[in-house]
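Given next are the chains, with one letter for each unit.
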Amino acid sequence: MSQPPLSVQIRKLEKSLGVQLFVRGSRGVSLTAAGQAFLIEARALLGQADRIKEAYRKDVKGSLPVGIRILGLATAMRPKWPSILQQFRDANPDVAVRMCDEDPTTVESRLVSNEIDVAFVCEPRTRPGLLCDKLVQWRVCVAMPQSHRLVSMQEVPLIELRREDFVLFCHDLNVGWRDLVESACQKFGFRPRRVAEAHHLISALNIVSSQNVCAFVLESAKFAQFEGVQIRALTPPLITDVGMLYREGETSQVVKKFIQVVRAHSDFPEVRAAGR
């Protein structure tokens, strides 16, 4: 691909993500912090793509392997995800599992239309035609620039954020999460002052770093290790559930097996019991 078309594709990608991936200067091009984080995920996806191609080359009892499409909160599930994936692959070596995060605002409709099979969401709620299982709990934290006035605190009183500007996740991304955060703030007499919106964690952290604003995130956002951003717990503690959303009456045996594996890794005994 020649340079001009490549530059156009990069600009389109940056626009789609809402972040700047490269710093362009007289001495060349280098990755931003967001670009470095994106590169790690991109390499992982390319590796997965290679494994899927290899799986499709195999002749498994005369049929092609089935792909499970998952929309999810990568950092929220990171501590459990390797063991979940390993256990499922050991039992189902010819099934391809594909992560997809390109459009998190339409989780419910994509599940119903079979575009995805499973979704991991904050504050999961049962919807018509969909079921949810609670998997893990995280503290809600505040992401702030390295230079923020409150960065020296290990825990930030929620009331101290009443005059701060925020980048908030899009309203239609996760209603349960939005209600949880806004309800907690309202107890201290304020609503988060939105100056920007983001669809993804990396986009939100990039705005926090570059625009001197704050964001409400899961404690698991620390795994992102985003340069120039600090994550601090809130006080009083604010806890959120992360759960798995899937179709009621699922007919795919492969998807059912995956759901059972995920249930077995839940922190909630009643969910683990349902998976036996």
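Residues numbered from 1 in each chain as written. Predicted model: local features only at pLDDT ≥ 70, side-chain atom pairs only at ≥ 80, totals over all residues. Heavy atoms only, no water.

Participant: Is there a simple way to think about the overall build of the protein chain in this case?
Facilitator: When helices and strands are counted, the protein chain shows 9 helices and 12 strands. Relative to its full complement of 276 residues, the protein chain shows a buried share of 45%. Here the protein chain displays about 14800 Å² of accessible surface, and carbon together with sulfur accounts for 53% of that area. (Helix = DSSP H or I, 4+ residues; strand = E, 2+ residues; numbered from the N terminus. Buried < 20%, exposed > 50% of the residue type's maximum accessible area, 1.4 Å probe, protein only. Areas by Shrake-Rupley, 256 points an atom, 1.4 Å probe, with all protein chains shown as cover.)

Participant: What's the story with the packing of aromatic side chains in this structure? I'm lost.
Facilitator: Each aromatic ring pair is described using two quantities: the centre-to-centre distance and the angle formed by the ring planes. Evaluated as defined, the whole model comprises 5 aromatic pairs. Measuring from ring centre to ring centre gives 6.2 Å for Trp-81 and Phe-258, while their planes differ by 65°; the resulting arrangement is edge-to-face. In this pair, Trp-81 sits in helix 4 (residues 81-91) while Phe-258 sits in helix 8 (residues 253-264), placing the two residues 177 residues apart along the sequence. Residue classification places Trp-81 among the buried positions, given a relative accessible area of 15%. Aromatic rings pair up to connect Trp-81, Phe-88, Phe-120 and Phe-258 into one cluster. (Phe/Tyr/Trp six-rings, centres within 6.5 Å; stacked < 30°, edge-to-face > 60°.)

Participant: What should I look at first to understand the packing of helix 4 against helix 8 in this one?
Facilitator: For any two helices packed against each other, the geometry is given by the interaxial angle and the distance between the axes. Orientation of helix 4 relative to helix 8, taken along the N-to-C sense of each, is 140°, at an axis distance of 10 Å. Regarding the angle of helix 4 to helix 8, the classification is oblique. Read as a crossing pair, helix 4 and helix 8 show a hand that is right-handed. The residues of helix 8 that touch helix 4, namely those facing Trp-81, Ile-84, Gln-87 and Phe-88, are Val-254, Lys-257, Phe-258, Val-261 and Val-262. (Axes fitted to C-alpha atoms, helices over the stretch in contact; angles between N-to-C directions. Parallel < 35°, antiparallel > 145°, perpendicular 65-115°, else oblique. Left-handed = near helix turned anticlockwise from the far one by under 90°. Contact = heavy atoms within 4.5 Å.)

Participant: Please explain helix 6 (residues 175-186) as it appears in this structure.
Facilitator: Helix length check: helix 6, at 12 residues, gives a terminal C-alpha distance of 16 Å against a target of 16 Å (1.5 Å per residue), a fit within 8%. Looking at helix 6, one finds that the buried residues are Gly-176, Trp-177, Leu-180, Val-181, Glu-182, Ala-184 and Cys-185. Tucked inside the fold, the buried residues of helix 6 contact strand 5 (118-122), strand 6 (130-145), strand 8 (165-169), strand 10 (215-218) and strand 12 (239-247). (Expected span 1.5 Å × (residues − 1).)

Participant: Is there a simple way to think about the confidence of the model for the protein chain in this case?
Facilitator: Close inspection of predicted coordinates is inappropriate for parts of the model with low pLDDT. Across the protein chain, the average pLDDT comes to 82, with 82% of residues at or above 70. Ranking the elements of the protein chain by mean pLDDT puts helix 2 (residues 33-57) last with 65 and strand 7 (residues 155-157) first with 97. Note that residues 57-65 has pLDDT below 50 and, in this model, 7 contacts with residues that lie over four places away or in other chains. (pLDDT = per-residue confidence, 0-100.)

Participant: Just to check I follow, could you spell out the pattern of salt bridges for this structure?
Facilitator: If the charged atoms of two oppositely charged side chains come close together, the side chains can form a pair. A full pass over the atoms with the stated rule returns 13 salt bridges. One salt-bridge network, held together by shared partners, links Asp-117, Arg-247 and Glu-250. (Salt bridge = Lys/Arg side-chain N within 4 Å of Asp/Glu carboxyl O.)

Participant: It is not clear to me how the side chain of Glu-164 should be interpreted in this structure. Could you clarify?
Facilitator: For Glu-164, the location among the structural elements is in the loop between strand 7 and strand 8. Residue Glu-164 is classed as buried on the basis of its relative accessible area of 12%. Within the local environment of Glu-164, its side chain forms a polar contact with the side chain of His-148, the two groups lying 3.0 Å apart. Residues in contact with Glu-164, not counting those within four places in the same chain, are His-148, Arg-149, Arg-193 and Cys-214. (Polar contact = N/O pair within 3.5 Å; in protein donor to acceptor, adjacent residues only side chain to side chain.)

Participant: Quick question: what am I supposed to make of unusual backbone geometry here?
Facilitator: If a residue is not glycine, its phi is most likely negative; likewise, a peptide bond is most likely trans. For the bond running from Thr-235 to Pro-236, omega is 0°, close enough to zero to count as cis. Looking at the secondary structure, you find Pro-236 in the loop between strand 11 (229-235) and strand 12. Here the phi dihedral of Asn-114 falls at roughly 65°; this positive angle occurs in a residue that is not glycine. With phi around 60°, Asn-212 is a residue other than glycine that occupies positive phi space. The residue Asn-212 is located in the loop between helix 7 (201-211) and strand 10 in this model. Residue Asn-212 is classed as exposed on the basis of its relative accessible area of 51%.

Participant: Can you walk me through helix 8 in this structure?
Facilitator: Between its terminal C-alpha atoms helix 8 stretches 17 Å, which fits the 16 Å expected from 12 residues at 1.5 Å a residue. All of the buried residues in helix 8 are Val-254, Val-255, Phe-258, Ile-259, Val-261, Val-262 and Arg-263.

Participant: Hey, could you run me through the nonpolar core in this one?
Facilitator: With 69 residues, the main nonpolar core has Phe-120, Leu-161, Val-167, Phe-216 and Phe-258 as its most contacted residues. Looking at this core, the element that brings in the most residues is strand 6, giving 8 residues. Within the second largest apolar cluster, 8 residues are counted, among which are Cys-100, Val-107, Leu-111 and Leu-130. (Core = buried A, V, L, I, M, F, W, Y, C linked by side-chain atoms within 4.5 Å.)

Participant: Looking at this model, I keep getting lost on the side chain of Thr-240. Mind explaining?
Facilitator: Topologically, Thr-240 is positioned in strand 12. Polar side-chain contacts of Thr-240 include one of 2.8 Å to the side chain of Glu-123. The residues touching Thr-240, leaving out its near neighbours within four places in the chain, are Cys-122, Glu-123, Val-136, Gln-137, Trp-138, Val-140, Trp-177, Leu-180 and Leu-218.

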